[in-house]
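Next come the chains, spelled out residue by residue.
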Amino acid sequence: MYGATLILENDPDIIEEYLSGNRERAANAFIRKYQSFVYSTVLRFLNDYDDADDVTQEVFIKALKNIDNFRLGSSVKTWLYKISKNQCINFLRKRKLLSIFSSSGKESILDYKGNELTPQEELERLEFEQRFEEAMQHLPKKQRETFALRYFEDLPYSEISKMLGTSEGGLKANYFQAVKKLAKYLKEE
Amino acid sequence: MKNEEFSYKEMQELLPDYTFERISEEDRVRFESTLPNYPDIQKEIEDVRAVFRRVEKMKIDEKINQHTRNLTVKVHSKMNKESLVSPYYKIVKYLVPIGGLAIIALMVFGDYVFVPNQSANNVSNIAIEKPFLKLKPGTIDLVLDSGLSDEEFVEITNSIKMPNNDNSLSNLAEVYIDNELSIDNIINDIINDWLDNDVNYRNNMVYNGYASVTDYLDELPEDEFQLLLKELENEEIIIGS
């Protein structure tokens, strides 16, 4: 009973709270709810953790600034996906220009500090993750996005269809092809 | 509950969701009842399961959580920084490049903007507008005005293209300026000069019984001559095509 007033979880509540003036609390709830989705989406586009950190922040800033334009009833994830995609495209354009003048030191996936695994297990895990990343990059864009949104984000086909502008039948075919190719690539290595 | 079997294509499309256990109960039953018909689908499921068992262990969420830690703080901090930026900065941000482009444009095209073409042989490029003077490409419109300075008059007459490449106009200008004559005298003589020297024009004129326009004008009473000059002030005199 009290939880409803203390914890903001529903999108309409969060947006209403934000627009009513209690911005910080609502923004925190909004960011926490969607940070994983936005970060992983941005990471797939940019394939770089540091860049994804920056662009994820930009996505939320843009979303919060335009939250009054969001139509309640439509999907927040679909809306955020579009913002993320546009921000990534802008970022990649800028980076392309800047790359003429400098070279950036990217964080490798191998830089990720693991946990309680033995060194041997940790090395194998890292190698597999790197192969998985490579396999993902080998997928056609549509298949990669379909796979990520369905497998990692667990979104229904109806929502992915709105995000990618593809029919549900087409998405199912893409998903199957992506899974099949990934399995083949990772098995061969 | 439907007990119809899935087609091969439907089995392929449902394969990932079945393998990752994201299929409805109804579809799962139908899928499993159809599966014995397609050994290659069974093999595919085994392969996918074997590989994705390792994918499940990748702890991608953990990695994402590590990178999104303190994201709320970072976003608020960045938003506050942006809100502190002066609105003037935003204006200046656009004005500086626009100003730069304007300066470059002026450096490149400045001559065309500020300096009228003074070429004596290229009347079509003349486009000077002053209260006392207007020249149009290919034609000359002289709006008489006594405020015309000597230098301006010389400049104009030098740039006027006379019929048959006649340079009499510029010669006249120099003569009259040297003798400190009025603009009325200049115009009067210019007209006479044109009429006397341009045969075609003269033949088409009606001189009221006089041998030439000069004779006609010589005989005009002063008040009528002044009236003629007045009328000329309102006329557009066109030379050439």
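For clarity, every value in this text was computed on a predicted model and none was experimentally measured.

Draft legend 1. Broad picture of unusual backbone geometry. Phi at A:Asp154 is positive, roughly 60°, even though this residue is not glycine. Among the secondary structure elements, A:Asp154 is positioned in the loop between α7 (141–152) and α8 (157–164). What makes A:Asp154 partly exposed here is its relative accessible area of 44%. Even without glycine at this site, B:Asn70 takes up a positive phi of about 60°. Along the chain, the position of B:Asn70 falls in the loop between α4 (60–67) and α5 (71–84).

Draft legend 2. Here's a closer look at the environment of A:Tyr39. Summarising the element assignment, A:Tyr39 is placed in helix α3 (residues 23–46). Sequence-wise, A:Tyr39 and A:Thr56 are 17 residues apart; in three dimensions their C-alpha atoms are separated by 5.6 Å. Within the local environment of A:Tyr39, its side chain forms a polar contact with the side chain of B:His67, the two groups lying 3.1 Å apart.

Draft legend 3. Quick look at helix α2 (residues 11–19) of chain A. Regarding α2(A), the residues found buried are A:Asp11, A:Ile14, A:Ile15, A:Glu17 and A:Tyr18. The buried side chains of α2(A) occupy one side of the element, clustering within an arc of 160° when seen end-on. Looking at the buried positions of α2(A), the neighbouring elements they touch are α3, α4 (49–65) and α5 (76–98) of chain A together with α5 of chain B. With its phi angle positive at about 120°, A:Gly21 sits one or two positions after the end of α2(A).

Draft legend 4. Highlighting the packing of aromatic side chains. Taken as a whole and judged by the stated rule, the model has 17 aromatic pairs over all chains. Plain terms: the ring middles of A:Phe147 and A:Tyr151 are 5.0 Å apart, the flat faces sit at 10° to each other, and that makes the pair stacked. Highlighted residues: A:Phe147 and A:Tyr151, both in helix α7, separated by 4 residues, approximately one helical turn. Exposure class is identical for A:Phe147 and A:Tyr151. Each is buried. Ring geometry for A:Tyr151 and B:Phe52: centres 5.3 Å apart, planes at 70°, overall edge-to-face.

Draft legend 5. Structural view of the nonpolar core. The biggest cluster of nonpolar side chains holds 77 residues, and the ones touching the most others in it are A:Phe30, A:Leu64, A:Trp79, A:Leu80, A:Phe147, B:Phe31 and B:Phe52. The leading source of residues in this core is α3(A), at 13 residues. Two domains each provide a minimum of three residues to this core, namely domain 1 (1–101) and domain 2 (118–183) of chain A. Those residues in contact with A:Phe147 that lie beyond four places of it in its chain are A:Phe132, A:Met136, A:Phe152, A:Tyr175, A:Ala178, A:Val179, A:Leu182 and B:Phe52. Counting residues in each nonpolar core, the second largest holds 5 residues, with B:Leu217, B:Leu220, B:Phe225 and B:Leu229 among its members.

Calculation criteria
- Each chain has its residues counted from 1, following the order in which its sequence is written.
- Chains and ligands are labelled sequentially in the order written, the chains with letters from A and the ligands with numbers from 1.
- Predicted model: local features are reported for residues with pLDDT of at least 70 only, side-chain atom pairs are reported and counted for 80 or more only, and whole-chain, interface and lining totals are derived from all residues.
- Neither water nor hydrogens contribute to the side-chain values; these are computed over all heavy atoms in the structure.
- A helix here means a DSSP run of H or I that spans at least four residues, while a strand means a run of E at least two residues long, and both kinds are numbered starting from the N terminus.
- In this scheme, a residue with accessible area under 20% of its type's maximum is buried, one over 50% is exposed, and one in between is partly exposed, where area comes from a 1.4 Å probe on protein chains only.
- Each polar contact in these results corresponds to two N or O atoms within 3.5 Å; when the atoms are within protein, one needs to be able to donate a hydrogen and the other to accept it, and residues that are neighboring in sequence are counted only if both atoms are side-chain atoms.
- Relevant arc is that of directions from the helix axis to the C-beta atoms, nothing else.
- What makes two residues a contact is simply this: any of their non-hydrogen atoms within 4.5 Å.
- Centres within 6.5 Å are what make two rings of Phe, Tyr or Trp a pair, Trp counting through its six-membered ring; a difference in plane orientation under 30 degrees is then read as stacked, over 60 as edge-to-face, and the rest as tilted.
- Only buried Ala, Val, Leu, Ile, Met, Phe, Trp, Tyr and Cys residues count toward a nonpolar core, and they belong to the same one when joined by side-chain atoms within 4.5 Å.
- For the purposes of this description, domain bounds are those given by an automatic or database domain assignment.

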